[in-house]
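Residue strings, one per chain:
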Amino acid sequence: MSVVVRMAPSPTGFLHIGNVRTFLFNWLFARHEGGQIRLRIENTDTAREVAEATDFIQDSLRWLGIDWDGDVTFQLDRMDDCRRVAEELVAAGKAYEDEGAIRFRMPDEGVTVWEDVVRGRVEVPNETIEDLVLVRSDGRPTYNFASPMEDVWDGITHVVRGADHISNTPKQIQLIQAVGADVPTYAHCPDVNGTDAKKLSKRHGAVGVDEFRNAGYLPEALMNFLALLGWAPDGETTIMSREVMVERFDLARVSPSPAQFDYAKLDWMNGVYLRALTPDEFAHALVLYLGEQGYEWDAQLVRAAAPLVQEKIAKLGEFPAFAGFLFHDVEPQELDGGVEVVDAAREALAQLEPFTADSIEAALRRVLERLGLKPRQGFQPIRIAVTGSKVSPGLFESIELLGREKTLARLSARAS
Ligand code: GLU
């Protein structure tokens, strides 16, 4: 049997990273099995315009590297089909009208059972399930009706979704059985929590996929990190390429216990990915990222600065604060006793030839020696004057990139 799964986001214009993890599991499973994955927008509950949200969802998934098969479908396009089935269920005595709405009659006895790939056998006594509204009095089908019908019509073999949908599953199974269709296999993936064991929310940090993108995480690193939220190929492996993840993914190894979203681990992993890029790839990622974020900085200079920061930043988003002094003016800083060495540095650099990191370093070391200063005492005021900050990329390389004119101007400027 060929596997068909689906990603079914609601078009809210916000893609929670926990849902993205679940979409990733769908994608890894489908690609591992050589099956298909559909993208279906579940807009039954939203009256508002969905075009923008749909674009946003597709764009975010593509950025991460999650693709899908066939056209995007919209649940609301199947309103008429849903209403037709609801009427058939009424005609068959399986549903009834209730104040203008149509309700499904749940059995009062027995249990609804399924073998969940992640959680094992789940049993729900039918007497605890209330009669489900299929079509509201305004004619719109409900999510709990449209979603399983679409699963049937699309030939979905595996419903892989968040644990928050477990309570919907017995209702959906009852409906699928009532229309005489095959019930798909269900896999309910664990919640994604913060390290405090509470459901991941804005209180913990970024939660929207766009926030991670804007912060400068690499999609490959984020994907790797997300794959490990509830799944592990073994007890050890953490860094995995996309291909390896696809090859090794196993839905049956997804744990039912809540996963913990550890931001520090994500930063660590992103740093590993950044450092593993070739200098060219890193420079390219940086230029792309800055362009996307609206910085109109000279790409040539960004490329030249890239090697200075590759080992030092964990996210591309740290670049502007760390190396922005190369692209914009800096406020003159208090030099606290560093005036003498800064003046001497300006003199030493004024005529220096060639103006390269090596000769700059040699010239500045001579200045420190002459003034009897240790490197830390001597270089820090120069760094502060030139970069506007106590932390910066390598001082001599930075000065070379900044160029003589700007360097001398900054060494002359005084905080007033
Ligand atoms: N639209 C639902 C959600 O965003 C998904 C429903 C499903 O996967 O069945 O949570």
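Everything below is about the structure shown above.
Because the structure is a prediction, the values reported are computed rather than measured.

How each quantity is defined
Residues numbered from 1 in each chain as written. Predicted model: local features only at pLDDT ≥ 70, side-chain atom pairs only at ≥ 80, totals over all residues. Heavy atoms only, no water. Helix = DSSP H or I, 4+ residues; strand = E, 2+ residues; numbered from the N terminus. Rg over C-alpha atoms; globule rule 2.2 N^0.38 Å. Buried < 20%, exposed > 50% of the residue type's maximum accessible area, 1.4 Å probe, protein only. Contact = heavy atoms within 4.5 Å. Areas by Shrake-Rupley, 256 points an atom, 1.4 Å probe, with all protein chains shown as cover. Lys, Arg positive; Asp, Glu negative; His and termini not counted. Charge placed at Lys NZ, Arg CZ, Asp CG, Glu CD. Pairing = 2+ DSSP bridges. Axes fitted to C-alpha atoms, helices over the stretch in contact; angles between N-to-C directions. Core = buried A, V, L, I, M, F, W, Y, C linked by side-chain atoms within 4.5 Å. Salt bridge = Lys/Arg side-chain N within 4 Å of Asp/Glu carboxyl O. Near = heavy atom within 4 Å. Polar contact = N/O pair within 3.5 Å; in protein donor to acceptor, adjacent residues only side chain to side chain. Parallel < 35°, antiparallel > 145°, perpendicular 65-115°, else oblique. Left-handed = near helix turned anticlockwise from the far one by under 90°. Phe/Tyr/Trp six-rings, centres within 6.5 Å; stacked < 30°, edge-to-face > 60°.

K.L.:
Which residues make up the overall build of the chain, and what are the values?
P.N.:
In terms of regular secondary structure, the chain is built from 17 helices and 12 strands. Its C-alpha atoms give the chain a radius of gyration of 29 Å, clearly above 22 Å, the size a compact globule of 416 residues would have. Overall size of the chain, expressed as C-alpha extent along the three principal axes, is 100 × 45 × 35 Å. Here the chain, with 416 residues, has 50% of them falling under the buried criterion. The contacts in the chain between residues at least 6 apart in sequence include a share of 73% that link residues at least 24 apart. When the accessible surface of the chain is summed, it comes to about 19,500 Å², and 48% of that surface belongs to carbon and sulfur atoms. Taken together, the 44 basic and 65 acidic charged side chains of the chain have centroids lying 5 Å from each other.

K.L.:
Requested: an account of the sheet that holds strand β8 (residues 132-135), with residues and values cited.
P.N.:
One open sheet holds the 3 strands; their spatial order is β4-β5-β8, and the pairing between them is antiparallel. The sheet terminates laterally at β4 (95-98) and β8, the two strands that pair on one side only. Averaged over all pairs of adjacent strands, the angle between their axes in this sheet comes to 40°, without regard to strand direction. Relative to strand β5 (residues 101-104), β4 is paired through 4 bridges, and the arrangement is antiparallel. Note on β5: the bridge partner recorded for Tyr 96 is Arg 103. Contacting β4, β5 and β8, helix α3 (residues 79-91) crosses the sheet at an angle of about 125° to β8.

K.L.:
Could you give me a rundown of the nonpolar core, with the residues and numbers involved?
P.N.:
In this structure, Leu 226, Phe 261, Phe 319 and Ile 382 are the most contacted members of the largest nonpolar core, which totals 103 residues. A per-element tally of this core places helix α1 (residues 17-33) first, with 9 residues. Apart from residues no more than four positions distant in its own chain, Ile 382 is found in contact with Val 341, Val 342, Ala 345, Leu 364, Leu 395, Ile 399 and Leu 411. Val 85, Phe 104, Val 124 and Tyr 186 belong to the second largest nonpolar core, which has 26 residues in total.

K.L.:
Provide a residue-level description of the sheet that holds strand β3 (residues 73-74), including the pertinent values.
P.N.:
Pairing is parallel in the open sheet, where 3 strands are placed in the order β1-β2-β3. Edge positions in the sheet fall to β1 (4-7) and β3, since each of these pairs with one other strand and no more. Pairing between β1 and strand β2 (residues 36-41): 4 bridges, direction parallel. When the bridges of β2 are listed, Val 5 appears paired with Ile 37.

K.L.:
Hey, could you go over the side chain of Thr 54 for me, with residue numbers and the actual values?
P.N.:
Counting through the fold element by element, Thr 54 comes out in helix α2 (residues 51-64). In this structure Thr 54 touches Ile 41, Val 72 and Phe 74, once residues within four positions along its chain are discounted.

K.L.:
Please set out the pattern of salt bridges residue by residue, giving values where relevant.
P.N.:
Using the criterion set out here, one finds 24 salt bridges in the structure. Across the pair Asp 267 and Lys 315 runs a salt bridge whose closest N-O atoms are separated by 3.4 Å. In this pair, Asp 267 is assigned in helix α9 (residues 263-276) and Lys 315 in the loop between α11 (299-309) and α12 (319-323), connecting sequence segments 48 residues apart. Of the residues examined, Asp 267 reaches a relative accessible area of 22% and is grouped as partly exposed. One salt-bridge network, in which partners are shared between bridges, spans Arg 6, Arg 40, Glu 42, Arg 78, Glu 150, Asp 151 and Asp 154.

K.L.:
Can you break down the site of the ligand residue by residue, with the values?
P.N.:
Close to the ligand lie Arg 6, Ala 8, Ser 10, Glu 42, Tyr 143, Ser 147, Arg 161 and His 165, which account for all nearby residues. Within the contact set of the ligand, an oxygen atom lies 2.8 Å away from a side-chain nitrogen or oxygen of Arg 161. The side chain of His 165 places a nitrogen or oxygen atom 2.8 Å from an oxygen atom of the ligand. Protein contact buries 84% of the 300 Å² of open area that the ligand shows by itself.

K.L.:
Kindly report on the packing of helix α13 (residues 339-350) against helix α14 (residues 357-371), identifying the contributing residues and their values.
P.N.:
Orientation of α13 relative to α14, taken along the N-to-C sense of each, is 140°, at an axis distance of 10 Å. Taken together, the axes of α13 and α14 are oblique relative to one another. The interaxial crossing formed by α13 with α14 has right-handed handedness. Only Ile 360, Leu 364, Val 367, Leu 368, Arg 370 and Leu 371 of α14 make contact with α13, whose side of the interface consists of Glu 340, Val 341, Ala 344, Ala 345, Ala 348 and Leu 349.

K.L.:
Got a sec to walk through helix α5 (residues 169-178)? Specific residues and values, please.
P.N.:
In terms of burial, α5 is largely enclosed, as 9 of its 10 residues are buried. Along α5, the residues that are buried comprise Thr 169, Pro 170, Lys 171, Gln 172, Ile 173, Gln 174, Leu 175, Ile 176 and Ala 178. Of the residues one or two after α5, Gly 180 is the one with positive phi, at around 75°.

K.L.:
Describe the packing of aromatic side chains, naming the residues involved and giving the relevant values.
P.N.:
Evaluated as defined, the whole model comprises 13 aromatic pairs. Their ring planes at 50° and their centres at 5.8 Å tell us that Phe 212 and Tyr 217 sit as a pair that is tilted. Judged by centre distance (6.5 Å) and plane angle (5°), the rings of Phe 212 and Tyr 263 are stacked. In this pair, Phe 212 sits in helix α6 (residues 209-215) while Tyr 263 sits in helix α9, placing the two residues 51 residues apart along the sequence. There is no split in this pair, since Phe 212 and Tyr 263 are both buried.

K.L.:
Residues and numbers for the environment of Phe 322, please.
P.N.:
Of note, Phe 322 is situated in helix α12. On the accessibility criterion, Phe 322 (15% relative accessible area) is buried. In sequence terms Phe 322 and Pro 258 are 64 residues apart; their C-alpha atoms lie 36 Å from each other. With near-sequence residues (within four places) excluded, Phe 322 lies in contact with Val 309, Lys 312, Ile 313, Val 391, Ser 392 and Pro 393.

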